[in-house]
There are 2 protein chains.
Amino acid sequence: MKSKEFISEQIYKKKSLLCVGLDPDKHKIPKSYLDQENSFFDFCKDIIECTHDLAIAYKINIAFFEAQGPKGWLQLEKIFKIIPSTCFIIADAKRADIGNTSKQYASYYFDTLAVDAITLHPYMGVDSLEPFLEYKEKWSIILALTSNPGSKDFELQSLHTGKKLYENVIETFVESKYSSNIMFVCGATHPSEFIKIRSLCPDHFLLVPGIGEQGGDLKSTVEFGQNKFGGLLINLSRKVIYPESFTDYKTTVRQLANEYRSEMFKYLKTYSAGM
Amino acid sequence: MKSKEFISEQIYKKKSLLCVGLDPDKHKIPKSYLDQENSFFDFCKDIIECTHDLAIAYKINIAFFEAQGPKGWLQLEKIFKIIPSTCFIIADAKRADIGNTSKQYASYYFDTLAVDAITLHPYMGVDSLEPFLEYKEKWSIILALTSNPGSKDFELQSLHTGKKLYENVIETFVESKYSSNIMFVCGATHPSEFIKIRSLCPDHFLLVPGIGEQGGDLKSTVEFGQNKFGGLLINLSRKVIYPESFTDYKTTVRQLANEYRSEMFKYLKTYSAGM
């Protein structure tokens, strides 16, 4: 298992909280890749090659591969195999179903693809995620407070207890017997909520989308979101992998990744406990 | 588009509310299929052949195909093409993500696979489902109150308004501009909630899991859940496609499907409005 301590070690070794999001969009990737049969694989491979010493994690957005049908899945299966072992591998699949069905997803992502983590919808309750949670050597990353405006519709609604739904989601899973292999998705577009989130799950890792295109604030996210392990995997997708110019693509992507890495690490305190 | 009126017409023509769930489980399907290269396709094809005049809809459980990797998707893509046009086709995928990503899923399921409907998680809010909802000729089937015990964890929690979360989900989408091409998932394991559900969405179709293995009550589901269109697609998966004996498989499946069809239709009133 890639433990919290392992991830923390990588954070301080690479001086980074960066998670690179791999969202290969056929309308956006450099045209030179599109001529190739394995365009998505080749595109992701180049990104991995030029960022793996800067990135703590890769978040592979399954939707973009799924949208290509079987040939997308063929490429996806190959990508997981080329990510170096120093990096944490997240399948951003946002699955969840009744147990009998979740079991199918869990087996595919954890056994067949051998990812370290998968993102999951909590709506159907704890038992719907048990087939994932029962993999003690793997991580379940549960949606808590997402970065999109629609998070106000349900996630930020107050329950009769006065708590918000997303707080209840975090509490329910933290108090479950599966707490030790759970992370939560918390969007950087809600920096004021990070203090509350840290009071609910001080020791958990958070996967943080919303920096970049969605406008989340990096400084307050790291200041309020960090914990003794570092505790944050901050995702950048479009802002890193789709630069304004595609000339010298790998050098540009590396430079962008390095700028984000450097800025996020600047706000991170040095803890001894996490090392 | 397969309109409410179209589905209603099929209901009264076939005298059925039956949705057959296609969950090909390699540990459960008859061994004779497993020797074949396209075992899942062949298995589903036989079920479709022996039930299409009894079933209003087919619900294809994507997880079981996804778990097989690219060869699962190859078979899946073929299955959608052989379902007769009199039947409503549901991709039971339970997807949802931020707009940019949901768009990928929506395009794959609605454009490429050409399904009539897809099941969706509401947790991330209305904007996360908009790429699906914007397909005016297609149906978004949103999880409201699911059939599993974990539905008590969040779906049945009361909000500060006194309403339950699932009621708020139904209201939010019914009041949205997308109401006309939405259905909801409401589990048969909560028959007492159907009266409340019908007060919130009297004219919407409901996809109802939970009969069969999960123990939901068919009589009260139909009595309390029906509306002027018929209004229910009642799913049976395991109880129909995995009979106790596999001798003369297609005849047995047809007989089981017909028994459920006949029993559910018995509780349905005859409406003129829906015809």
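Residues numbered from 1 in each chain as written. Chains lettered and ligands numbered in written order. Predicted model: local features only at pLDDT ≥ 70, side-chain atom pairs only at ≥ 80, totals over all residues. Heavy atoms only, no water.

So, about the overall build of chain A. The secondary structure content of chain A amounts to 12 helices and eight strands. Projected onto the principal axes, the alpha-carbon positions of chain A cover approximately 55 × 45 × 35 Å. Looking at chain A as a whole, 65% of its 275 residues qualify as buried. Approximately 9,800 Å² of chain A is accessible, and the part contributed by carbon and sulfur atoms is 50%. Computed over 33 positive and 34 negative side-chain charges, the inter-centroid distance for chain A is 3 Å. (Helix = DSSP H or I, 4+ residues; strand = E, 2+ residues; numbered from the N terminus. Buried < 20%, exposed > 50% of the residue type's maximum accessible area, 1.4 Å probe, protein only. Areas by Shrake-Rupley, 256 points an atom, 1.4 Å probe, with all protein chains shown as cover. Lys, Arg positive; Asp, Glu negative; His and termini not counted. Charge placed at Lys NZ, Arg CZ, Asp CG, Glu CD.)

All names here are of chain A. Taking 1.5 Å of rise per residue, 18 residues should cover 26 Å, and helix 12 (residues 249-266) covers 26 Å from first to last C-alpha, within 8% of that figure. Among all positions in helix 12, only Tyr 249, Val 253, Ala 257, Tyr 260, Arg 261, Met 264 and Phe 265 are buried. The buried residues of helix 12 all sit within an arc of 125 degrees when viewed along its axis, so they share a single face. (Expected span 1.5 Å × (residues − 1). Arc of directions from axis to C-beta.)

Below, the discussion takes up the interface of chain B and chain A. Chain B puts 57 residues into the contact, and the matching count from chain A is 57 residues. Both sides of the chain B and chain A interface together cover about 4,900 Å² of buried area, and 58% of this is carbon and sulfur. By the criterion of area lost to chain A, the three top residues of chain B are Gln 104, Tyr 123 and Phe 154 of chain B, representing 18% of everything that side buries. Counting every contact that joins chain B to chain A gives four salt bridges. At the junction of chain B with chain A, the criterion picks out 24 residue pairs in polar contact (both at pLDDT 80 or more). The class makeup of the residues in the side of chain B that touches chain A is 26 nonpolar, 19 polar and 12 charged. (Contact = heavy atoms within 4.5 Å. Buried area = accessible area lost by both parts, 1.4 Å probe. Salt bridge = Lys/Arg side-chain N within 4 Å of Asp/Glu carboxyl O. Polar contact = N/O pair within 3.5 Å; in protein donor to acceptor, adjacent residues only side chain to side chain. Nonpolar A, V, L, I, M, F, W, Y, C, P; charged D, E, K, R; others polar.)

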